[in-house]
4 protein chains.
Amino acid sequence: MPITQDKHLKLIPIVYKDNMMKLTGIVGYPVTPFSHDGKSVELDKLGSVIDILLEAKVDAIAALGSAGEAAYLSETEWQQVAEYTVKQVKGRVPVVIGIAELTTTQAIKRAKHAYKIGANMIMVSPFSYYKLNEDELFLHFESISNATPLPIMIYNNPATCGVDMSPEFMLKMVSDIKNANMIKESTGDIQRMHKIYKLSNGKVPFFNGCNHMALEAINAGASGWCTAAPCLIGEQPKQLFDAVKQANKEKARELFYQQYEFLEFIVKSGLAAAVKSGLSIQGTPIGEPRKPLLPLTQSAQQQLKVMLMDLDSVV
Amino acid sequence: MPITQDKHLKLIPIVYKDNMMKLTGIVGYPVTPFSHDGKSVELDKLGSVIDILLEAKVDAIAALGSAGEAAYLSETEWQQVAEYTVKQVKGRVPVVIGIAELTTTQAIKRAKHAYKIGANMIMVSPFSYYKLNEDELFLHFESISNATPLPIMIYNNPATCGVDMSPEFMLKMVSDIKNANMIKESTGDIQRMHKIYKLSNGKVPFFNGCNHMALEAINAGASGWCTAAPCLIGEQPKQLFDAVKQANKEKARELFYQQYEFLEFIVKSGLAAAVKSGLSIQGTPIGEPRKPLLPLTQSAQQQLKVMLMDLDSVV
Amino acid sequence: MPITQDKHLKLIPIVYKDNMMKLTGIVGYPVTPFSHDGKSVELDKLGSVIDILLEAKVDAIAALGSAGEAAYLSETEWQQVAEYTVKQVKGRVPVVIGIAELTTTQAIKRAKHAYKIGANMIMVSPFSYYKLNEDELFLHFESISNATPLPIMIYNNPATCGVDMSPEFMLKMVSDIKNANMIKESTGDIQRMHKIYKLSNGKVPFFNGCNHMALEAINAGASGWCTAAPCLIGEQPKQLFDAVKQANKEKARELFYQQYEFLEFIVKSGLAAAVKSGLSIQGTPIGEPRKPLLPLTQSAQQQLKVMLMDLDSVV
Amino acid sequence: MPITQDKHLKLIPIVYKDNMMKLTGIVGYPVTPFSHDGKSVELDKLGSVIDILLEAKVDAIAALGSAGEAAYLSETEWQQVAEYTVKQVKGRVPVVIGIAELTTTQAIKRAKHAYKIGANMIMVSPFSYYKLNEDELFLHFESISNATPLPIMIYNNPATCGVDMSPEFMLKMVSDIKNANMIKESTGDIQRMHKIYKLSNGKVPFFNGCNHMALEAINAGASGWCTAAPCLIGEQPKQLFDAVKQANKEKARELFYQQYEFLEFIVKSGLAAAVKSGLSIQGTPIGEPRKPLLPLTQSAQQQLKVMLMDLDSVV
């Protein structure tokens, strides 16, 4: 059932898809714990992080995103983390697997692996060395879609991936590529979400990937909020999401501004480094990020500790 | 009563000021009608535009802003528009006078004039040729504040004025300059509003100057929305403002997305040109913008007409 | 005689114009001296500055540019400076008058005045409040061209004027507007000059307006260098220009790097403030820039003094 | 022998290093040929490309740079290309190996490999997912320097690597990191080169990595020009380099503008895609770039063919 073409606004016609998941709420991002020497992944500690997220009532778990340092893992490590996550979650919530590969061949390989191990969905971002044009991007996403039946969340994050995709282009992919079903937008520009909502007549689910824009993203119609924050502040992101959805305006604003400084801090400090430091402050040491990434400086750790105390997240 | 200094966040201490107006809601911006040959201002037609705004239930009238083409008026014309507006409004709502002068001397002269004729407030933006540094900006605003007792709304609009002022700097001016009481933010970056709210502990009133960001600005705590939109779509901006304030989330989102395309259009087409074309379409011809500004092209006028019809604003 | 259309490159066909001046070399920019209280222009001191430039062997004098604080002068002051400059120069070199007005009507008025008083050329930049589109820009320049027979140098300086004009668009104006004959490029992007040279087959004279890009601009084919630097460092800019033209590569590079820090400094500090401070250091006090512009801070003055000493320009 | 500290300019003190190579001239970049199905590297064809570069009189060969699609190769392929290049060049010119790895561990591994196989130098760029701060960057480069005795060319290319390093920071690394000896600058901002030259008193060799800025880079003091252009237009880049060095200003400008459109084209089209298409046009088909990279479109190929004909590089 295509959307009726509007006279003046060029609406993107979207056909509903059977495999369009009804995902909504908080999509939680675990970090990837490393051993003391940084050389290997510690899966049991990953289990603890996943448990923290599930206790924080996240609605899905997204492994191998930015927070999970996916870009810094070897092929084997990446597979271990993907498999372990699916097993640990045990179907309690959907598992999303992040795929950000430089070559299409490698992205397909990982997408197939995600399907094989029982993940529910993949989130694909076009990590790039050379800037990619829209023909290249389209073919990349289409090739991945053809390789597995998993629903695809198109993920736009130019700050890490080096390529920016317009709302119009991403909606065209949702329209024309079989499994491309939803969008995660992380530019921090609220107008992108307005465009997605308006051009798709509110029919294409989009998710907020910019932590300190959560309040307005949800108000603008975002289906969910992709965040590593619940690793450190528990149910508070979920409470914010629910307050907006329940039209509890004053409570939503209060919750947002309580978390605001923390949310901005973890983005600006680098999610992996910030969350790992925070877990250590909270008594769950899981190692450092992988070099060249460095842990937070002493003074940044102190700042984070004060913030976590203010959010009742350190005893 | 200064705001309590927070341990980690560098809050800006704000002393409450007796002359801090309790302005809230829609601040309406009239355009400035010109004669057919473009050489003179037509005050009676300005009266009609002001009446349209008052009928649209605006909470204040802001003369001589961007929409009013203040930058393109002669000294005499500027004074005529200011005086006429105050007389025409007759105290029904507060009158704000925009001041965007290249020299401090000229800005002081206009501020004094605004006070003399009975305006309630001035909105000052640092229109610039050379980029101004913070020392220059501070002294400019302070000199204007020393020249009249009128409350000052600090107006940040780098796109037209060529200077960008950070939330921190504007809050410092609110803190240290006697009559600097509130802020109008027009960068289109919602994070600026979060910063103003958070750093002032919600104590400094701020206004949204970016039309197509109205939904999130009000949700983020903006006291009001500065807009020329009511010139063309009547009470609809006021309804949106009220829906957000009344926590009517679904209605607010619906109203916002109804107006969204129109709001973006008038910003991107240039407010003066777009509003003047719109008024002509609606049967209130008030001339063209002043050259080098050109009226909307035929096809843009047609686009605008369709939008206005969709908003039930053309019969 | 139009340039032959190339098969693949879209060359802009340029018709040679009788009034295309053979201007080449250093175009010197005087600053505008103010009285102690800043309220009036001091014409006799302007005479001293013009003499300094002529002694520095500039090939033309450009009054009322950025360095001349034209944007901060009243109508009367502007006319006084224009007239005085033409009289003082007495035809020894061509006089260029800068025009950067917000309205087309005002720009035409000033262009006519420049012609009436005997200036040789006008340099027109589209100072803007609202961003102007190419239709608006074209009509603005065309209207000015129709108002006087003076040759026009199209001046692109988005940093001060708020509008950026592409090489392609400026060449189109040179092609289609009678008196538009040459271009001054101040973006600091050397590729703009390559484009002007290449697209016009080297036929359209262009001038460098970015001081610290002088070496490469002249190497890339610039006809001249528009600069206020000779106010402070005498013939050194001319020597650099000549060294490049005479293919004295080592000397050119040496001269450039000698002046480099100074050239960057006066741009970053604001030309008017920096040159006025420098003249004061050199024993020719001519007042301060007009507020909101402030003079250099003490420490910046000290920096400037050391640079001038290194350039043998302070005794 | 440290550079004398200047009174006002904060010169970076550089100690001369024994292993600072006297590299100068054209550093040629081979592309990496793939088999028809894109699955493997074709080493014999790589040999042909290297021969083309040597015939074009390049002064060094840089394998595994952007043009070589290093980011898209597997570990094994990367090693094959590195080894083959060293063997094929047989010491006729120095061999530089590009290293752009996401983790420090992986970068060290490749640096050691480069040393083991007899490369003369490594060119290290901080390819990134998370943005890296200066502490992270410094430690990354320092760790690589500690792992091998090979001289390091610090390579700044934010467009592909996602991190921008200032001239000041790169010079600090040259000063403080043992094997960091020279800089390749690819931002396209000529001011970066001025800063490197000026702050190091001309003592730190820097190379131009922005093809269409070659003329000014060499005039500004660049030791060399890193380019894949000789793959397609033979000795012409070398002739341009020599013309500038020999102060043959008119010839240099003529040669530059002859090549200009071609140089800009290959940068904007993507070096790997453009050079591979060009070689195919010239009768040396070496396959396509690796997906998601696509070959040039038909019309772009046609454009390239015309350019190559104009440069006498297609028969």
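Residues numbered from 1 in each chain as written. Chains lettered and ligands numbered in written order. Predicted model: local features only at pLDDT ≥ 70, side-chain atom pairs only at ≥ 80, totals over all residues.

Here's the deal with the relation of the copies chain A and chain B
Okay, so step 1: Mapping chain A onto chain B leaves a residual RMSD of 0.0 Å; the transformation is a rotation of 180 degrees accompanied by 0.0 Å of translation along its axis. Overall, the copies show the geometry of a two-fold rotation axis. Relative to the rotation axis, the C-alpha of Glu216(A) is the closest in chain A, positioned 2.6 Å from it.
Okay, so step 2: The residues that chain A uses at the interface reappear at the interface of chain B in 100% of cases, marking a shared surface. (Least-squares fit on C-alpha atoms with pLDDT ≥ 70 in both. Contact = placed C-beta atoms within 7 Å.)

Some remarks on the pairing of strand β6 (residues 180-185) of chain B
In summary, the side chains of a regular strand alternate between the two faces of the sheet.
Residue and element names in this part refer to chain B.
Okay, so step 1: Across the six residues of β6, six count as buried, placing the element largely inside the fold.
Okay, so step 2: Of the strand pairs in this sheet, strand β5 (residues 152-156) and β6 are connected by five bridges, and their pairing is parallel. If you follow Met-153 over to β6, its bridge partner there is Met-182.
Okay, so step 3: With respect to chirality, the unit in which β6 leads through helix α7 (residues 190-199) into the neighbouring parallel strand β7 (residues 206-208) is right-handed. (Buried ≥ 20, exposed ≤ 12 C-beta atoms within 10 Å, placed from the backbone. Helix = DSSP H or I, 4+ residues; strand = E, 2+ residues; numbered from the N terminus. Pairing = 2+ DSSP bridges. Right-handed = clockwise from strand over helix to strand, strands pointing away.)

So, helix α11 (residues 249-269) of chain A
Okay, so step 1: Between its first and last C-alpha, α11(A) extends 29 Å over 21 residues, near the 30 Å set by a 1.5 Å rise per residue.
Okay, so step 2: At Tyr260(A), α11(A) shows its maximal bend, which comes to roughly 45 degrees.
Okay, so step 3: Buried residues of α11(A): Lys249(A), Ala252(A), Leu255(A), Phe256(A), Gln259(A), Tyr260(A), Glu261(A), Phe262(A), Leu263(A), Ile266(A), Val267(A) and Ser269(A), and no others.
Okay, so step 4: As for α11(A), its buried residues are in contact with α8 (214-219), α9 (230-233), α10 (236-245), α12 (271-281) and α13 (298-310) of chain A together with α7 of chain B. (Expected span 1.5 Å × (residues − 1). Bend = angle between axes of the 7 residues up to and from the residue.)

Describing the sheet that holds strand β4 (residues 121-124) of chain A
All names here are of chain A.
Okay, so step 1: The strand order around the closed barrel formed by eight strands is β1-β2-β3-β4-β5-β6-β7-β8, and the pairing between neighbours is parallel. Taking each pair of neighbouring strands and ignoring which way they run, the sheet shows an average axis angle of 30 degrees.
Okay, so step 2: Two elements, β4 and strand β5 (residues 152-156), share three bridges in a ladder whose sense is parallel. Within β5, the position partnered with Ile-122 by the bridge is Ile-152.
Okay, so step 3: Running at roughly 155 degrees to β5, helix α4 (residues 134-147) makes contact with β4, β5 and β6 (180-185) of the sheet.
Okay, so step 4: Against the sheet, helix α7 (residues 190-199) makes contact with β6 and β7 (206-208), and its axis sits at roughly 155 degrees relative to β6, the strand it touches most. (Axes fitted to C-alpha atoms, helices over the stretch in contact; angles between N-to-C directions.)

Notes on helix α6 (residues 167-176) of chain C
Residues and elements named next belong to chain C.
Okay, so step 1: Those residues of α6 not exposed but buried are Pro-167, Met-170, Leu-171, Met-173 and Val-174. Along α6, the residues classed as buried sweep out an arc of 155 degrees about the axis, all on the same side.
Okay, so step 2: Buried-residue contacts for α6 involve α4 (134-147), β5 (152-156), β6 (180-185) and α7 (190-199). (Arc of directions from axis to C-beta.)

Some points on the environment of Thr85(C)
Residue and element names in this part refer to chain C.
Okay, so step 1: Positionally, Thr-85 belongs in helix α2 (residues 75-89).
Okay, so step 2: For Thr-85 and Val-96, which are 11 residues apart along the polypeptide, the C-alpha to C-alpha distance reads 9.6 Å.
Okay, so step 3: What Thr-85 contacts, discounting residues up to four positions off in sequence, is Ile-50, Ile-61, Ala-63 and Val-95.

Regarding the packing of helix α11 (residues 249-269) of chain C against helix α12 (residues 271-281) of chain C
Residues and elements named next belong to chain C.
Okay, so step 1: Relative to each other, α11 and α12 sit at 120 degrees, their axes nearing to 6 Å. In terms of orientation, α11 and α12 fall into the oblique class. When α11 is examined against α12, the residues Phe-265, Ile-266, Val-267 and Ser-269 are found in contact with a partner set consisting of Leu-271, Ala-273, Ala-274 and Val-275.
Okay, so step 2: Considering only residue class, the contact of α11 with α12 consists of seven nonpolar, one polar and no charged. (Parallel < 35°, antiparallel > 145°, perpendicular 65-115°, else oblique. Nonpolar A, V, L, I, M, F, W, Y, C, P; charged D, E, K, R; others polar.)

Comments concerning the pairing of β5(A)
Residue and element names in this part refer to chain A.
Okay, so step 1: Of all five residues in β5, five are buried, a share of seventy percent or more.
Okay, so step 2: Burial along β5 is two-sided: the face carrying Ile-152, Ile-154 and Asn-156 and the face carrying Met-153 and Tyr-155 are both buried.
Okay, so step 3: In this view, the connection linking β4 to its parallel neighbour β5 by way of α4 has right-handed handedness.

Some thoughts on the interface of chain D and chain C
Frequently, the measure chosen for interface size is the accessible area that the parts lose on association.
Okay, so step 1: Listed by partner, the interface residues are 24 residues for chain D and 24 residues for chain C.
Okay, so step 2: If you list the elements that add at least two residues to the side of chain D that touches chain C, you get α7 (190-199), α8 (214-219), α11 (249-269) and α13 (298-310) of chain D.

Topic: the relation of the copies chain D and chain C
Okay, so step 1: Placing chain D over chain C gives an RMSD of 0.0 Å and needs a rotation angle of 180 degrees, together with 0.0 Å of translation along the axis.
Okay, so step 2: Both copies share a contact surface, since 100% of the interface residues of chain D are interface residues in chain C too.

As for the sheet that holds strand β1 (residues 25-28) of chain B
Residues and elements named next belong to chain B.
Okay, so step 1: Within the closed barrel, the eight strands sit side by side as β1-β2-β3-β4-β5-β6-β7-β8. Their pairing is parallel. Neighbour-to-neighbour, the strand axes of the sheet open up by a mean angle of 30 degrees, direction not taken into account.
Okay, so step 2: Relative to β6, α7 is tilted by about 155 degrees, and along the sheet it contacts β6 and β7.

Regarding the interface of chain A and chain B
Okay, so step 1: In this assembly, 24 residues from chain A lie in contact with 24 residues from chain B.
Okay, so step 2: The set of elements that each furnish at least two residues to the side of chain A that touches chain B consists of α7, α8, α11 and α13 of chain A.
Okay, so step 3: Considered class by class, the residues forming the side of chain A that touches chain B number 11 nonpolar, seven polar and six charged.

Considerations on the environment of Ala63(C)
Residue and element names in this part refer to chain C.
Okay, so step 1: Counting through the fold element by element, Ala-63 comes out in strand β2 (residues 60-63).
Okay, so step 2: The sequence separation of Ala-63 and Leu-139 amounts to 76 residues, and the corresponding C-alpha distance is 25 Å.
Okay, so step 3: Beyond its immediate chain neighbours, meaning those up to four positions away, Ala-63 contacts Pro-30, Gly-68, Val-81, Ala-82, Thr-85, Val-95, Ile-97 and Gly-98.

Notes on the confidence of the model for chain A
All names here are of chain A.
Okay, so step 1: Per-residue pLDDT for chain A averages 94, and the proportion of residues at 70 or more is 93%.
Okay, so step 2: Considering only residues more than four positions removed or in separate chains, one finds that residues 1-9, a stretch of pLDDT under 50, has 17 contacts.
Okay, so step 3: Predicted as a complex, the structure gets a pTM of 0.95 and an ipTM equal to 0.94. (pLDDT = per-residue confidence, 0-100.)

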